[in-house]
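Given next are the chains, with one letter for each unit.
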Amino acid sequence: MNGTPTRALGALTVSAQGLGCMGMSDAYGSSDDGRSIATVHRALDLGVTLLDTSDYYGGGHNERLLGRALAGHRREQAVLATKFGFANRLGEPVALRGDAAYVREACDASLRRLGVDHIDLYYLHRVDPRVPVEETVGAMADLVAAGKVRHLGLSEASARTIRRAHAVHPIAALQSEWSLWTRDLEDGIVPVCRELGIGIVPFSPLGRGFLTGRLTSVDDLEAGDMRRGQPRFADGNLERNLAIVEALEGLAARRGVTAGQLALAWVQHRGDDVVPIPGTRRRAYLEENLAAATLELSADELAAIDAVAPAGSVAGNRYDENSLAVVDK
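These figures come from a predicted structure and were not determined experimentally. All residue numbers refer to position in the chain's written sequence, counted from 1. In view of the model being predicted, local features appear only for residues whose pLDDT reaches at least 70, and side-chain atom pairs are presented and counted only at 80 or more, with totals across whole chains, interfaces and linings using the full set of residues. Here the side-chain values reflect all heavy atoms present in the structure, with hydrogen atoms and water set aside.

Asks: Hey, could you run me through the pairing of strand β1 (residues 6–9) in this one?
Replies: Side-chain direction in a regular strand flips from residue to residue, so the side chains alternate between the two faces of the sheet. Side chains of β1 alternate between two faces, with Arg7 and Leu9 buried and Thr6 and Ala8 left unburied. Linking β1 to strand β2 (residues 12–15), which pair antiparallel, is a turn of two residues; within it Gly10 sits at a positive phi near 60 degrees. For the exposure calls, accessible area comes from a 1.4 Å probe over protein chains only, and a residue counts as buried if that area is under 20% of its type's maximum, exposed if over 50%, partly exposed in between. Strands here are runs of E lasting at least two residues and helices are runs of H or I lasting at least four, both read from the DSSP assignment and numbered beginning at the N terminus. Two strands pair if DSSP finds at least two bridges between them.

This is the structure in structure tokens:
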């Protein structure tokens, strides 16, 4: 069963919506490996090909989990994307490495954890400010030449860095946060990507689950959930942001869909070069999200969505100060 349309990320063809796998191992409370693997299998059965992970998620657990999920013939169904660049788990501030030696080391370690002989899309997770991006991408290009990697990507990079990287080796995709409540990349970064033929992979297209309407208080979150420490979920900000979701729910009800589906369809409508990767551990939410990939919105509907959630209307920064320090570099 494969009714999912496809889109292009540079020279790479993938499903029009991917699956973000981070939450199966990290950041959003407890998880169950068996349920997560079943969700990955269901995604593949429904025609979702782009599976997104990182060596950072769960300290390598997420890559090992995906390796188990893709064992055997399942590997042939997937476009496997992973990332490198975070060189520690607990340090503050975050330790980044983009030197050539670390690029090679990180890739080999990811291949072992994933149990595969190549990575389809290999991202620099965050730019190391101490290393010229030309060195990092040059080493990544060597991985392509060696057959270990097929396509290259960047994550949360600035427009200037994207240009410099692309001059060394074609960049297939930029992965950055993009949703109704995070629109920072629209003015400067999206035009550069389109000029260079680079696809855009929005992560957290549902605002870390907030735009689904299922979260109304931090008390709904487990003790270890990272959202408890993020500014947009803090007292004062949370209440203001809930008003946006309530307005979105009103629009969704008129269309007969959920608020999350409407928000996700808005991201899907940003362009044919946009492939969002909503994350979930549950098959029911996977199927709900995937329905947004084929949900057509009229110009009037898109304008109405923009009216209730205009750029800059969300209260609070999208990250804490430590995390903000390593984006748009």
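From this point, the narrative continues.
Asks: Honestly, helix α8 (residues 259–268) in this entry has me stumped. Any pointers?
Replies: Because an α-helix packs 3.6 residues into every turn, residues spaced three or four apart end up facing the same way. Counting buried positions over the 10 residues of α8 gives 10, a clear majority of the element. Buried residues of α8: Ala259, Gly260, Gln261, Leu262, Ala263, Leu264, Ala265, Trp266, Val267 and Gln268, and no others. Where α8 is buried, its residues touch β1, β9 (199–203), α7 (237–255), α9 (283–291) and α10 (299–308). For this analysis, residues touch if any pair of their heavy atoms sits within 4.5 Å.

Asks: Help me out: how do you make sense of the packing of aromatic side chains in this one?
Replies: Here a ring pair, both rings aromatic, is described through the centre-centre distance and the interplanar angle of the planes. Any two rings among Phe, Tyr and Trp, with Trp reduced to its six-membered ring, count as a pair given centres within 6.5 Å; such a pair is stacked if its planes are under 30 degrees apart, edge-to-face if over 60, and tilted if neither. Summed over the entire model, instances satisfying the criterion amount to three aromatic pairs. Aromatic pair Trp181 and Phe210: ring centres 5.2 Å apart, planes at 5 degrees, arrangement stacked. Of the two residues, Trp181 is situated in the loop between β8 (171–177) and α6 (189–196) and Phe210 in the loop between β9 and α7; the sequence distance between them amounts to 29 residues. Look at Trp181 and you get buried, because its relative accessible area is 5%. Lysine NZ or arginine CZ positioned within 6 Å of the ring centre and within 35 degrees of the ring normal marks a charge as sitting over the ring. For the cation-ring pair, Arg270 lies above Trp266, with the distance from its terminal atom to the ring centre recorded as 4.0 Å.

Asks: Would you take a moment to explain the pattern of salt bridges for this structure?
Replies: Side chains that carry opposite charge are capable of pairing whenever their charged atoms lie near each other. When a carboxyl oxygen of Asp or Glu is within 4 Å of a side-chain nitrogen of Lys or Arg, the pair counts as a salt bridge. Tallying each qualifying case throughout the model produces 16 salt bridges. Among the ionic pairs, Arg42 bridges to Glu287, the shortest N-O distance being 2.7 Å. On the criterion of sequence distance, the pair formed by Arg42 in helix α1 (residues 33–45) and Glu287 in helix α9 is long-range, its members being 245 residues apart. Under the relative-accessibility criterion, Arg42 is labelled partly exposed at 25%. Taking relative accessible area as the criterion, Glu287 reaches 35% and is therefore assigned partly exposed. A salt bridge links Asp128 to Arg130, with the shortest nitrogen-to-oxygen separation between them at 3.2 Å. Take Arg130: its relative accessible area is 62%, and that puts it in the exposed class.

Asks: Please explain the environment of Ala38 as it appears in this structure.
Replies: Its location among the elements puts Ala38 in helix α1. Since its relative accessible area comes to 22%, Ala38 is described here as partly exposed. Measuring from C-alpha to C-alpha, the distance between Ala38 and Arg283 comes to 7.6 Å, with 245 residues separating the pair along the chain.

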